[in-house]
Amino acid sequence: MTVVTANADTPVLLDLPPLDAARFARIEDKVAALLRTRCDVVAMQGEALLPLEACIRSAVRPGSTALNIITGPYGETFGGWLRSCGAKVVTISAPFTGAVSPQQVADALREYPEIDFVSLVHAEAATGNTNPVAEIGAVVRAHGALLMLDAVASVGAEPLLTDEWGVDLCVIGGQKALAGPAGVSAVSVSARAWERIAANEQAPRRSYLSLLDWKERWIDGGRTALPHAPAQLEMLALEQAVDRIEAEGLDVVIRRHRAAAAAVRAGVRALGGPTPYVIRDEDAAPAATTLRAPTDLDAREVVTAALVADASVPLQAAAGALAKEMIRVNHYGRAADRGVVLASLAALAAGLRALGAETDEGAAAVAAGAAWDEVVAAR
């Protein structure tokens with residue numbers, strides 16, 4: 001193996017020995033353990049939108065009825081895919097300031113008993129909210145529909161019990177709380193989901209979107225021969241990310257993310273000016289906190305000014321229609337760190353002051369530190 005360096009901090013691996021089928025399968029098994037599932041796991045060679053679209057196009061038949069739950073931009077994307085598959089789409093849209101309730105899901109299933117597929121995002125990093133998957137999963141399971149879950153922003157940041165919650169298709173990526181690569185992703189597929197996919201004549205075949213190709217050419221063959229050349233660097237990076245989670249302890253990693261979210265929310269409330277965009281603490285995602293900018297300020301200008309004060313902090317303005325009002329603090333992965341949270345609050349305070357707003361940076365630091373300590377102590 002040859003190691004060269006792109007810069008002082010970024011080693012690049014070259015001349016690696018081939019990633020064989022046995023190693024590929026072991027990495028999938030590690031992901032399955034992380035997802036708390038005994039179902040098949042397929043590691044797909046692309047960003048998580050690949051398995052998300054593959055799940056919908058594989059499991060949704062023309063003429064069927066699907067329930068799409070929208071609590072952020074990814075839910076909106078799913079609706080377009082579902083319609084392009086020829087499904088009738090029933091939509092639940094929750095305000096981006098909160099979560100969808102299990103009762104809303106139960107009401108929709110009661111009104112449309114023909115629903116046989118439900119798509120849900122666990123946590124939306126873009127809007128900072130998280131949904132009660134355990135309770136929603138119980139409702140969907142009782143109805144008999146398949147449940148597809150986008151867990152890209154939740155895996156490693158909050159509990160994810162795929163089998164216990166009745167999730168049939170669970171998609172993850174490595175780039176957020178796992179602090180891993182974006183170029184590889186994975187999906188767990190239940191036996192019920194495989195049956196539905198096999199029965200769907202429109203399911204992709206001989207396609208990059210085909211889950212059936214993976215099943216027939218990889219899983220059914222005992223995972224002894226890879227169907228194509230794997231994305232070697234990304235797969236090894238994913239393995240290292242999962243190994244690092246195991247070494248630190250999943251519970252510890254989840255606690256770090258919860259502490260980061262609690263600290264940001266408490267710190268911002270004490271700071272003055274911005275307010276948490278997600279109203280209830282229990283609806284707030286541990287991976288990212290969204291803030292509502294003061295009414296007289298543009299969120300983009302606040303973020304720009306904050307990054308002038310400290311360019312290293314994980315602050316950004318929202319995209320699209322929310323760009324003027326929403327500030328996002330991305331405290332996932334290695335950024336779920338007390339020092340990073342305090343630095344983010346200090347930069348935010350500096351940015352607000354530069355724009356003429358009054359803040360109490362000292363009170364914010366004290367409140368954030370106390371909130372962090374409280375979460376860490378509550379084991």
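Residues numbered from 1 in each chain as written. Predicted model: local features only at pLDDT ≥ 70, side-chain atom pairs only at ≥ 80, totals over all residues. Heavy atoms only, no water.

**Some thoughts on empty space enclosed by the protein**
Where we set the bar: The distinction between a cavity and a pocket rests on a 1 Å grid over the protein atoms alone: a 1.4 Å probe fits inside a cavity but cannot get out, while a pocket stays open yet meets protein on both sides within 12 Å along at least five of seven lines, and a residue with an atom within 4 Å of a point counts as lining. Grid points are joined across faces, edges and corners, and a volume is the space filled by probe spheres set on the points. A run of H or I in DSSP becomes a helix once it reaches four residues, and a run of E becomes a strand once it reaches two; helices and strands are each numbered from the N terminus. Note on residue classes: Ala, Val, Leu, Ile, Met, Phe, Trp, Tyr, Cys and Pro are nonpolar, Asp, Glu, Lys and Arg are charged, and everything else, Gly too, is polar. Reported domain spans reflect what an automatic or database domain assignment gives.
Following the criterion strictly, the structure yields one cavity of 30 Å³ or more and no others. Its boundaries defined by the atoms lining it, the largest cavity holds a volume of some 40 Å³. If you go around the largest cavity, the residues you meet are A177, L178, A179, R244, I245, E248, V253, R256, G333 and R334. Those elements that provide at least two residues to the lining of the largest cavity are α8 (232-248) and α9 (250-271). The greatest single-element share of the lining of the largest cavity, amounting to three residues, is contributed by α8. Classifying every residue of the lining of the largest cavity by side-chain character gives five nonpolar, one polar and four charged. When residues of the lining of the largest cavity are assigned to domains, at least three fall in each of domain 1 (21-247) and domain 2 (249-377).

**Describing the domain arrangement of the protein**
Under the convention used in this document: Two residues form a contact once any of their heavy atoms are found within 4.5 Å. By buried area we mean the combined loss of accessible area, with a 1.4 Å probe, across both parts when two parts are placed together. By convention in these notes, a salt bridge is any Lys or Arg side-chain nitrogen within 4 Å of a carboxyl oxygen on Asp or Glu. In protein, a polar contact requires one atom able to donate a hydrogen and another able to accept it; more generally it is a pair of N or O atoms within 3.5 Å, and residues adjacent in sequence count only if both atoms are side-chain atoms.
For the protein, the domain assignment lists domain 1 (21-247) and domain 2 (249-377). With centres defined by C-alpha atoms, the gap from domain 1 to domain 2 works out at 29 Å. Facing the 26 residues of domain 1 at the interface are 24 residues of domain 2. Buried surface at the junction of domain 1 and domain 2, summed over both partners, amounts to about 1,900 Å²; 64% is from carbon and sulfur atoms. For the interface between domain 1 and domain 2, the tally reads zero salt bridges. Summed over the shared surface of domain 1 and domain 2, the result is eight residue pairs in polar contact (both at pLDDT 80 or more). At the level of elements, β8 (129-130) and α8 are the ones that each hand at least two residues to the side of domain 1 that touches domain 2. Looking at side-chain class alone, the side of domain 1 that touches domain 2 contains 13 nonpolar, eight polar and five charged residues.

**Some thoughts on the sheet that holds strand β13 (residues 289-292)**
The line we're drawing: Paired strands, as defined in this entry, are two strands with at least two bridges between them according to DSSP.
With antiparallel pairing, four strands are arranged side by side in an open sheet as β12-β13-β15-β14. Strands at the two margins of the open sheet, each flanked by one partner only, are β12 (275-276) and β14 (315-317). As paired strands, β14 and strand β15 (residues 326-329) are joined by three bridges and run antiparallel to one another. Counterpart to Q316 in the pairing with β15 is R328.

**Some thoughts on helix α3 (residues 73-84)**
How we decide: Helices are assigned an expected span. That span is 1.5 Å times one less than the residue count. Burial classes: relative accessible area under 20% of the type maximum marks a residue as buried, over 50% as exposed, and values in between as partly exposed (1.4 Å probe, protein chains only).
For α3, with 12 residues, the first-to-last C-alpha span of 17 Å sits near the 16 Å given by 1.5 Å per residue. Taken as a whole, α3 has its buried residues at G75, F78, G79, W81 and L82. Buried residues along α3 sit in contact with α2 (49-59), β4 (65-70), β5 (88-93), β6 (115-121), β7 (123-124) and β9 (146-150). In the segment just after α3, G86 is the residue with positive phi, at about 90°.

**Thoughts on the sheet that holds strand β3 (residues 40-44)**
Condition: Only the stretch in contact is used when a helix axis is fitted, and all axes are lines through C-alpha atoms; the angle between N-to-C directions ranges over 0 to 180 degrees.
Here we have seven strands laid out as an open sheet, ordered β3-β11-β10-β9-β6-β4-β5, and mixed in their pairing. Single-partner strands in this sheet number two, and they are β3 and β5. Across the sheet, the mean angle from the axis of one strand to that of its neighbour is 15°, orientation sign disregarded. Taken together, the five bridges between β6 and β9 define a ladder with parallel strand orientation. Within β9, the position partnered with V121 by the bridge is D150. Against the sheet, helix α7 (residues 211-219) touches β3 and β11 (185-189), its axis set at about 110° to β3.

**Thoughts on the UniProt feature "domain: Aminotransferase class V" (unreviewed entry) in the protein**
Filter applied, for reference: UniProt positions are given in the numbering used here, feature names are shortened, and annotations may be inferred rather than shown by experiment.
This chain's UniProt record puts "domain: Aminotransferase class V" (unreviewed entry) on residues 84-292. For residues 84-292, the helix share is 38%, the strand share is 18%, and the end-to-end C-alpha distance is 34 Å.

**A few points about the UniProt feature "modified residue: N6-(pyridoxal phosphate)lysine" (unreviewed entry) in the protein**
Per the UniProt record, "modified residue: N6-(pyridoxal phosphate)lysine" (unreviewed entry) is annotated on K176. Structurally, the position occupied by K176 is in the loop between β10 (169-173) and β11. Once you skip the residues sitting within four places of it in the chain, K176 turns out to touch A125, V152, A153, R328, Y332 and G333.

**So, the packing of helix α6 (residues 191-199) against α7**
Between two packed helices, both the angle of their axes relative to each other and the distance between the axes serve to describe the pair. Note the following rule: Just so you know how the angles are binned, under 35 degrees is roughly parallel, over 145 roughly antiparallel, 65 to 115 roughly perpendicular, and the rest oblique. For any pair of crossing helices, the crossing counts as left-handed if the nearer helix is rotated counterclockwise from the farther one by less than a right angle, and right-handed if it is rotated clockwise.
The geometry of α6 relative to α7 is characterised by a closest axis approach of 10 Å and an angle of 110° between their N-to-C directions. Considering the angle they form, α6 stands roughly perpendicular to α7. Here the hand of the crossing between α6 and α7 comes out left-handed. Two secondary-structure elements touch here, α6 through W194, I197 and A198 and α7 through L211, L212, K215 and I219. Partitioned by chemical class, the residues of the contact of α6 with α7 number six nonpolar, no polar and one charged.

**Remarks on the layout of surface pockets**
Here the largest pocket is characterised by a volume of approximately 480 Å³. Those elements that place two or more of their residues in the lining of the largest pocket are α5 (133-143), α9 and α12 (361-377). With six residues, α9 is the largest single contributor of residues to the lining of the largest pocket. Within the lining of the largest pocket, the residues separate by chemical class into 12 nonpolar, three polar and eight charged. Built from parts of two domains, the lining of the largest pocket gets at least three residues from each of domain 1 (21-247) and domain 2 (249-377).

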